[in-house]
Amino acid sequence: MQARCRKIRLLLLDVDGVMTDGRIIYDNNGLESKAFNVKDGHGLKLLQRAGVRVGIITGRQSQVVRRRADELGIEIVRQGAKNKIVPYREVLSQLGLDDSEVAYIGDDLVDLPILRRVGFAVAVGDAVGEIKPFVHYVTRADGGRGAVREVCDLILKNSNRWDDVTKRYFCGSAEE
């Protein structure tokens, strides 16, 4: 685990079922809403402070996702990816990374081509059972319920970056 986490320079995420609980809610006007976990968001910010880039690859197209990515400072956003391996390869090429430097969190079969390549493959707790044999870690938390935060903390702690990014909270200087 430590060897895998030390190499991670990029965390890629699916959205529906990973950053959210998988539900898509439409109102009577057809407007879409999703619920994101604030603790997951803070975990992503901690990871970014440690120098790990964060990106999103999702099969759906949603303005809500773009807004959440903007709030979190996530610049790598690939939406409408029916074959997720294509944007995955493009992102790695653009950043000059190899598979071993990437962590990916998924929840369903469409995530499997990426999960089978990355250095640290993660399935959320309520992921479909068929992908779990192909990952390095299954979260205790379900998608949209703290699974992303669990992975962020795991990467930070197992790569000895936790103390550096959290010391401001423990030393009374959280206003930085």
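Residues numbered from 1 in each chain as written. Predicted model: local features only at pLDDT ≥ 70, side-chain atom pairs only at ≥ 80, totals over all residues. Heavy atoms only, no water.

Caption draft 1: How the structure looks around the side chain of E101. Here E101 lies in the loop between α4 (85-95) and β6 (102-106). Residue contacts for E101: discarding those within four places in its chain leaves K7, I8, R9, L10 and G96. (Helix = DSSP H or I, 4+ residues; strand = E, 2+ residues; numbered from the N terminus. Contact = heavy atoms within 4.5 Å.)

Caption draft 2: Spatial organisation of the nonpolar core. Within the largest apolar cluster, 55 residues are counted, with the highest numbers of intra-cluster contacts made by L13, L44, Y88, I105 and F120. With seven residues, the single largest contributor to this core is helix α6 (residues 147-158). (Core = buried A, V, L, I, M, F, W, Y, C linked by side-chain atoms within 4.5 Å. Buried < 20%, exposed > 50% of the residue type's maximum accessible area, 1.4 Å probe, protein only.)

Caption draft 3: Expanded view of helix α2 (residues 38-49). End to end, α2 covers 17 Å across twelve residues, agreeing with the expected 16 Å (1.5 Å per residue, within 8%). Burial in α2 covers these residues: D40, G41, G43, L44, L46 and L47. In this structure, the buried residues of α2 make contact with β1 (10-13), β4 (53-57), α3 (63-72), α6 and α7 (162-170). Just downstream of α2 lies G51, where phi reads positive at about 90 degrees. (Expected span 1.5 Å × (residues − 1).)

Caption draft 4: Representation of α7 in the model. Residues of α7 that are buried: W162, V165, T166 and R168. Around the axis of α7, the buried residues are gathered within 155 degrees of arc, so they sit on the same side. Among the exposed residues of α7, those pointing more than 90 degrees away from its buried face are D163, D164 and F170. Buried residues belonging to α7 abut α2 and α6. (Arc of directions from axis to C-beta.)

Keep in mind these values describe shape, not function.
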